[in-house]
Amino acid sequence: MNHFEEYCTTFVQSIGSKEGAVSPSVTNSASFAYETPETAEGIFDGSIKKPLYSRMGNPTTAKLENIMAEMDGGIGAVATSSGMGATALATLSLLACGDEIISVGGLFGGTYALFSETLVRFGIKTHFFDVDALEEIENAINDNTKIIFLESVGNPNMRLPDITKIAHIADKAAIAFIVDNTITPLSIFPLKLGADIVVYSTTKIIAGNSSALGGCAVFRAINEGEDKFKSLRYKELEKFIKNTGKMALIPNAKKRALRDFGMSANAHASYQTMLGLETLALRMDRIIQSVEIVAQELDKNGINVNHPSLEKHPHHQRYLDMFSNGCGTLLTIDMGSKEKAFAFLNKTKLATITANIGDSRTLALHMASTIYRDFDAKEKEFLGITDGLIRISIGLENPQDIIKDFLESTK
Ligand SMILES: *Cc1c(COP(=O)(O)O)cnc(C)c1O
């Protein structure tokens, strides 16, 4: 059976209702009446499972969270106002001043800025490594290391990590391992490969059509016996483990991040995101095939394409072995100079020029003059940003139409 088939069934079946309104209802209320003081007390002490206040959770958002948790095999999930909200929630709920992060691989610009600038102001230091620098990663772990953070696919450097190996390093040292799986939902299941928390920008391929900003963090269960989170390194988690057992990472994230920083999802965005989820498996299946077709054809025509499906890519073998269900919607082309890159973008009739990725439409953006414009030469080199680099996110169009437009645009 095709890998994506199972999800074609589960998503539509779990999102639609068999009774009453078929489409999920949108609860547009910021607050909820408790009726009696006894119920209020029960809701606040957690013994009554009813909505408290929409910053802490909303019924429409809860439905999305349940489906996301099920998709990834997690014990639960927390939806957020954006992908950066999910990354902030997952990291800030574990970090304190003096802690360190080990960040592996090419990073999304916002995450890179969070780690390299903003968290530094709060006394949190991040060490950055290439996906293949496994020895250096192990050597960088010390008593202050709290998180190993990884993106499932380097955006936009297109380098692929060996997620299992990095999970093994994190496990051996008993460090929390967080994977940003925005680019590869359904293609990669990080919790099954050894991650503890998965974060998503649902704004991208999950919603899929630029209709809603959103994010989600999915958490694994705390083990009954030994667990890496039952250690002095994560002593702030102790009370949550004592009170809520295997669920502990969720109340920890809700109280330490959602309640205090307020990156909460809104019900309408959660609804739009669920509409996207209904067709995610179909869209992923089509696009990962189109990306390969477009990459091969552009490469054959002498365009400098970067995609791991090409034999020349340094991680081609890893792509075949570990990314057999694709590595998302992205490829990059290097036009050699900013002028040539701009000429291409001015000529293309098909691509939409925007900072988004994972849309129904094919999108393109010159990297150095936009997302990475504030970064210095050394940072750009580490992140793989060259003057002529254009990031392309392949959409649902006929791949032959994409190829035709791109070849005409490079003339
Ligand atoms: C877009 C993106 C984010 C941030 O998501 P927003 O929804 O824009 O906040 C994080 N990680 C990756 C890999 C992304 O592509």
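Computed from a predicted structure; not experimentally measured.

Thresholds applied
Residues numbered from 1 in each chain as written. Predicted model: local features only at pLDDT ≥ 70, side-chain atom pairs only at ≥ 80, totals over all residues. Heavy atoms only, no water. Helix = DSSP H or I, 4+ residues; strand = E, 2+ residues; numbered from the N terminus. Rg over C-alpha atoms; globule rule 2.2 N^0.38 Å. Buried < 20%, exposed > 50% of the residue type's maximum accessible area, 1.4 Å probe, protein only. Contact = heavy atoms within 4.5 Å. Areas by Shrake-Rupley, 256 points an atom, 1.4 Å probe, with all protein chains shown as cover. Lys, Arg positive; Asp, Glu negative; His and termini not counted. Charge placed at Lys NZ, Arg CZ, Asp CG, Glu CD. Near = heavy atom within 4 Å. Polar contact = N/O pair within 3.5 Å; in protein donor to acceptor, adjacent residues only side chain to side chain. Nonpolar A, V, L, I, M, F, W, Y, C, P; charged D, E, K, R; others polar. Pairing = 2+ DSSP bridges. Axes fitted to C-alpha atoms, helices over the stretch in contact; angles between N-to-C directions. Phe/Tyr/Trp six-rings, centres within 6.5 Å; stacked < 30°, edge-to-face > 60°.

Draft legend 1. Up close: the overall build of the protein chain. Broken down by element type, the protein chain carries 16 helices and twelve strands. The globule rule puts the C-alpha radius of gyration for 411 residues at 22 Å, and the 21 Å found for the protein chain is close to it. Its C-alpha atoms give the protein chain principal-axis dimensions of roughly 70 × 55 × 40 Å. Looking at the 411 residues of the protein chain, the share that counts as buried comes to 54%. Sequence-distant contacts, at least 24 apart, represent 73% of the contacts inside the protein chain between residues at least 6 apart. A total of about 17900 Å² of accessible surface is found on the protein chain, and carbon and sulfur atoms cover 51% of it. Separation between the mean location of the 41 positive side-chain charges and that of the 49 negative ones in the protein chain comes to 3 Å.

Draft legend 2. Quick peek at the site of the ligand. Gly83, Asp180, Ser201, Thr203 and Lys204 are the nearest of the 14 residues found near the ligand. With respect to the ligand, the side chain of Ser201 contributes an N or O atom lying 2.8 Å from an oxygen atom. Within the side chain of Thr203, an N or O atom sits 2.7 Å from an oxygen atom of the ligand. When the ligand sits alone it has 380 Å² of accessible area, and the protein chains cover 91% of it. Classifying every residue of the shell around the ligand gives four nonpolar, seven polar and three charged.

Draft legend 3. Seen up close, the environment of Leu282. Mapped onto the secondary structure, Leu282 falls in helix α12 (residues 280-300). Residue Leu282 is classed as exposed on the basis of its relative accessible area, which comes to 57%. When the C-alpha atoms of Leu282 and Cys8 are compared, they prove to be 6.9 Å apart, with 274 residues separating the residues in sequence.

Draft legend 4. Spatial organisation of the sheet that holds strand β10 (residues 352-353). Strand order in this open sheet of five strands is β8-β9-β12-β11-β10, and the pairing throughout is mixed. Two strands close off the open sheet at either side, each with one partner strand: β8 (305-306) and β10. Taken together, the five bridges between strand β9 (residues 330-334) and strand β12 (residues 389-393) define a ladder with antiparallel strand orientation. Counted as the bridge partner of Thr332 is Arg391 from β12. Together, β8 and β9 form the strand contacts of α12, whose direction differs from that of β9 by roughly 15°.

Draft legend 5. Broad picture of the packing of aromatic side chains. A full pass over the atoms with the stated rule returns ten aromatic pairs. Pairing Tyr7 with Phe11 gives two aromatic rings, centres 5.8 Å apart and planes at 40°, and the pair type is tilted. Taken as a pair, Tyr7 and Phe11 lie in helix α1 (residues 5-15) at a separation of four residues, close to a single helical turn. By the burial criterion, Tyr7 is buried, and Phe11 matches it. When the centroid spacing of 5.3 Å and the interplanar angle of 75° are considered together, the rings of Phe344 and Phe406 count as edge-to-face. Remark: Phe406 occurs in helix α16 (residues 399-409) and Phe344 occurs in helix α14 (residues 338-347); sequence separation between them is 62 residues.

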